[in-house]
Amino acid sequence: MDAALDARNRQTMRKLLVVAAAMLGFGFAMVPIYRQYCEAVGITQGRVVGATNTQVDASRSVTVELLASSAGLPWRFEALERELRLHPGQLATVNYRVVNTLGRPVTAHAVMNAAPSYAAQYIEKQACFCFSDQTLAAGEERVMPVVFLVSPKAPKDLGTISLSYTFFESPGRAS
Amino acid sequence: MSAAAPAHGHDHSHDEHAHAHPTGLKRWLFTTNHKDIGTLYLWFSFVMFLTGGVMALLIRAELFQPGLQFVNPEFFNSLTTVHGLVMVFGAIMPAWVGFANWLIPMQIGAPDMAFPRMNNWSFWLVVPAAILLVASFFVPGGAAASGWTLYPPLIIQQGMSIDMTILAVHILGASSIMGSINIITTILNLRAPGMTLMKMPLFAWTWLITAYLLIAVMPVLAGAVTMLLTDRHFGTSFFNAAGGGDPTMFMHIFWFFGHPEVYIMILPAFGVVSAIIPAFARKPLFGYASMVYATASIAILSFIVWGHHMFTVGMPAAGNLFFMYATMLIAVPTGVKIFNWIATMWKGSMTFETPMLFSIGFLCLFTIGGFSGLVLAITPVDITLHNTYYVVAHFHYVLVSGALFAIFAGVYFWLPKWTGNMYHEGLGKLHFWLSVIGFNIAFFPQHFLGLAGMPRRIPDYALQFAEWNLWSSVGAFLFGFSQLVFLYVVIECIRSGRKCEDRPWEGADSLEWTHLPCPAPYHTFETVPEVK
């Protein structure tokens, strides 16, 4: 093979390697892209909002069912009320009780889920225990609030929302 | 095409006197010859085909009757998972790389691949990866059991076999990228004078596009499995909900790789069929340029349809609609191809030797697979049929009677070129008919099972599904064992000494047929051919 062709081949290889490396980067870049996208359309954790002055839509009501569970973690975790009815735009405070039944301190994180899933984008939270890790000492009991409202933008046929929180032990952060 | 005499005495003498070739094991370990490496790839893929086939037959044996008979459910899950991985990464993909190695240099008038040593390295990486995959059955906890899609959170929870699988995927990815760089460079830089891109045989074209797809998506898969690995061992939470991660994100990244991946397996099949149908219809390919553009369109569209694998994850309706329409759009360039092949046969002087039979089988059955794909593209229908046997039937129609039948067609078509001998036509036809009948008995009833609601990847099923499962298992065993006929035909062809003519197929007119004798000498086109 002559030297000129050899050089040309190597140049083609270098270009293709750059493409491959860029695509590897793109694979990892999908992580922040995905997060941004989900936040933009509001499909993950519900919207976090500051104190807002929303108009209460008193013409209709939405039922919010409160569910609580823990995954692979012997914490007792429950909502203090089973469900509530509220008008869209009306600020509500609900309380959850959690007990660490283990003989050691545990750090865990609650993840929100809503059914139907598109309802998540209409839940606007001002305060939630799910915003941060929760560390409970052995046997500790705690009552934690969620302050939220259902957005008046919620479609009219959204009659019931199941709002669920699941505690997962935070990996590598157990003390 | 030039009418130069096929026999090149120069190549023979060069072969015998200029180099001292290593022999035996060393020849294969150290070879940098594209034909040797092609042969290695093809035999390797056949061994993996049988390995994955045994797993498939174990699955079908278990599903022969309702209840649990032969395997425990965990092992069944490993079987479905590793069957998928072995067939995709071990059988179909290496077979196409084998064809590329054998044919592309000869078809474009190049003496070898652009990077012969990297070529050797590409092949010998595949072997340890396959060993890792298969050996993972024998470690504590058994082989990966999460499905070939490696979805978290299940895959994060399983044992060390997952690490072996992830490492195997890394190695296979590296090998594919090296192979693709080699193929692209060969096609772009090593074409004989006069061999313009739009004169290349369609097989070279489809592989050029396939190689670009591989370079674009294999690194994404490597990234995804790396994230799985760090989630498992290094405390990251890419996909771990507990740490704020999201398993659905894995599905997006995986299928961004996964959908182009299925076209990586089928595009070279389009190239092979585009070589065989004109040869046996004795007419030039109808619509050559539209074939090239259709292939490129399919490749580009493959990047924007991944969401149709995950209509049920709760994407916004706009997302579901986008992926539905984009998916249906792919039927347009694919339809162009199908109609071009039919138009090629129209009023041709057709004969039906084994390569042509497999190509026509491909055409009919791949189209059925395409249609069931269109059905599955409809979001509301897919939400009903998601994870049922309808999906299993669909992708086996496109991958077995699509990609695999084209591989068989190609092997029969080029065996005379590779071995210098003619295969046994009667046995080849027997292999075709056993395969096509067995395949349809095995997979057509799975459409009915899926429509009736039978879920996939489960070792037991409700009694109402018993009868079609019985048929499906009978067909699967017929199909499986008829592949031994294929093995026999190939070995018999190599050993028979039934010399074939230099142009066994009068209608075949690419460079490897018009310029080279059968068998192709060890070194070809060391003097650059003239292409008119």
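Scroll up to find the structure this text is about.
**Remarks on the overall build of chain B**
From N to C terminus, chain B includes 18 helices and zero strands. Taking 24 Å as the expected radius of gyration for a compact globule of 532 residues, we find that chain B reaches 23 Å, a close match to that expectation. Counting only C-alpha atoms and orienting by the principal axes, one finds that chain B spans roughly 70 × 50 × 45 Å. When burial is assessed residue by residue, chain B has 62% of its 532 residues classed as buried. Taking all contacts inside chain B whose residues are at least 6 apart in sequence as the whole, residues at least 24 apart take part in 82%. Accessible surface for chain B amounts to roughly 19000 Å². Of this, 72% is attributable to carbon and sulfur atoms. Computed over 21 positive and 24 negative side-chain charges, the inter-centroid distance for chain B is 6 Å.

**So, helix H7 (residues 160-189) of chain B**
Each turn of an α-helix holds 3.6 residues, which means side chains three or four residues apart point in the same direction. Taking 1.5 Å of rise per residue, 30 residues should cover 44 Å, and H7 of chain B covers 44 Å from first to last C-alpha, within 8% of that figure. Burial runs high along H7 of chain B: 24 of the 30 residues are buried.

**Side note on the pairing of strand S6 (residues 106-115) of chain A**
Residue and element names in this part refer to chain A. Among the 10 residues that make up S6, eight are buried, leaving the element largely enclosed by the rest of the structure. Here eight bridges tie S6 to strand S10 (residues 160-169), and the two strands are oriented antiparallel to one another. When the bridges of S10 are listed, His109 appears paired with Phe168.

**Section: the state of the cysteines**
In this structure the tally under the stated criterion is one disulfide over all chains. Cys128 of chain A shares a disulfide with Cys130 of chain A; S-S distance 2.2 Å. Disulfide Cys128 of chain A to Cys130 of chain A: torsion about the S-S bond roughly 130°, handedness right-handed. Each member of the pair, Cys128 of chain A as well as Cys130 of chain A, is classed as buried. Take Cys518 of chain B: it sits in no disulfide, and the sulfur closest to it among the cysteines is that of Cys500 of chain B, at 4.1 Å.

The rules behind the values
- Residues numbered from 1 in each chain as written.
- Chains lettered and ligands numbered in written order.
- Predicted model: local features only at pLDDT ≥ 70, side-chain atom pairs only at ≥ 80, totals over all residues.
- Heavy atoms only, no water.
- Helix = DSSP H or I, 4+ residues; strand = E, 2+ residues; numbered from the N terminus.
- Rg over C-alpha atoms; globule rule 2.2 N^0.38 Å.
- Buried < 20%, exposed > 50% of the residue type's maximum accessible area, 1.4 Å probe, protein only.
- Contact = heavy atoms within 4.5 Å.
- Areas by Shrake-Rupley, 256 points an atom, 1.4 Å probe, with all protein chains shown as cover.
- Lys, Arg positive; Asp, Glu negative; His and termini not counted.
- Charge placed at Lys NZ, Arg CZ, Asp CG, Glu CD.
- Expected span 1.5 Å × (residues − 1).
- Pairing = 2+ DSSP bridges.
- Disulfide = S-S within 2.5 Å.

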